[in-house]
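A structural walkthrough
Spelled out, the chains give:
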Amino acid sequence: MTKALFYKDIVAIKKYAAMMLLLGVVCTLLLRSSGSSLIIMVYASSLLMTTLAIDERDFFYRRAVSDKGNRKAIVVEKYILLLILLIVSGVMALIMEMVLSRLYGTETNGLVIATTVLTGLALSSFAGGVTIPMTLKFGAEKARILIVVCYLAPAIAVIWAQEKLSAIKLSVPLLMVMLIVFSVSVLTVSAFVSIRIFQSKDL
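Below is a short write-up of the structure.

Cut-offs used in this document
Residues numbered from 1 in each chain as written. Predicted model: local features only at pLDDT ≥ 70, side-chain atom pairs only at ≥ 80, totals over all residues. Heavy atoms only, no water. Core = buried A, V, L, I, M, F, W, Y, C linked by side-chain atoms within 4.5 Å. Buried < 20%, exposed > 50% of the residue type's maximum accessible area, 1.4 Å probe, protein only. Helix = DSSP H or I, 4+ residues; strand = E, 2+ residues; numbered from the N terminus. Contact = heavy atoms within 4.5 Å. Axes fitted to C-alpha atoms, helices over the stretch in contact; angles between N-to-C directions. Parallel < 35°, antiparallel > 145°, perpendicular 65-115°, else oblique. Left-handed = near helix turned anticlockwise from the far one by under 90°. Polar contact = N/O pair within 3.5 Å; in protein donor to acceptor, adjacent residues only side chain to side chain. Salt bridge = Lys/Arg side-chain N within 4 Å of Asp/Glu carboxyl O. Expected span 1.5 Å × (residues − 1). Phe/Tyr/Trp six-rings, centres within 6.5 Å; stacked < 30°, edge-to-face > 60°. Lys NZ or Arg CZ within 6 Å of the ring centre and 35° of its normal.

On to the nonpolar core. Counting 27 residues, the largest nonpolar core has Y61, L82, I132 and L136 as the members making the most contacts within it. Elements with a contribution of two residues or more to this core: α1 (2-31), α2 (38-57), α3 (60-64), α4 (68-104), α5 (110-138) and α7 (172-199). In terms of residues, this core owes the most to one element, α4, which gives nine residues. With residues near it in sequence (within four places) discarded, L82 still touches S45, L48, G128, G129, I132 and L187.

Encoded structure:
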């Protein structure tokens, strides 16, 4: 069942995913600054909202769900899709940072570039981890405004943290570990919450 669900979602976001490549080229050529690749990763996680909205519009859940096991499979597939989107966008972000360093002389330190990509992973994990449970709980339309706030919150937090952490002077390897732990923790908690919400949801 998971394979069929995954294929359905890939077909649904195929044209939007193709725009991710165009967005990567535009960001590389126009923004010309290290960190512009983060836009790609946040955009990738936002594609989840598209699949969730389409499922809701087409009354997919009512037709697909026959027991609790199927409900869990539907939620798990969304997180598998999110992980794949994060991996693909993460590779694109890494390539963008390398291209920027060659073309415009931006940051060339491998650890710093890796930290930038992991920051994007943390932001996207938070955004995607919030999108799934909130949309399952409130529906696509009601969740949109709340999700926008949740997308802005981590961006503001990163700006604030950059000033604070620069004073603390955390080592880059430690910061990388913290970003990975944060991403894994957010997705794990989000998955458990989403499964609980969807299994008790009245379709």
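Still to come is the rest of the account.
Contact geometry for α5 and α7: axes closest at 9 Å, N-to-C directions at 15 degrees. With respect to α7, the element α5 is oriented roughly parallel. For α5 against α7, the interelement crossing comes out left-handed.

Looking at the secondary structure, you find S89 in helix α4. A polar atom in the side chain of S89 sits 2.8 Å from the backbone oxygen of L85. Contacts of S89, omitting those with residues within four sequence positions, involve M20, I40, M41 and A44.

The next point concerns the pattern of salt bridges. A pair can form between side chains of opposite charge whenever their charged atoms are brought close. Scanning the entire structure with this criterion turns up two salt bridges. Here D9 and K8 are joined by a salt bridge, their closest N and O atoms 2.6 Å apart. Owing to a relative accessible area of 0%, D9 belongs among the buried residues under this scheme. Classification of K8 by relative accessible area gives partly exposed; the value is 24%. D9 serves as the salt-bridge partner of K78, at 2.9 Å between the closest nitrogen and oxygen. With K78 in helix α4 and D9 in helix α1, this residue pair connects regions lying 69 residues apart in the sequence. Counted as one network, the salt bridges with shared partners bring together K8, D9 and K78.

This brings us to α5. Taking 1.5 Å per residue as the helical rise, α5 with its 29 residues ought to reach 42 Å, and the 42 Å between its terminal C-alpha atoms agrees with that figure. Within α5, 21 of the 29 residues are buried, leaving the element largely enclosed by the surrounding structure. Note on α5: the residue one or two positions beyond its end, G139, has a positive phi of about 90 degrees.

Evaluation of the coordinates by the stated rule reveals zero aromatic pairs. Stacked on the ring of F198, the Lys or Arg R71 has its end atom at 5.8 Å from the ring centre.

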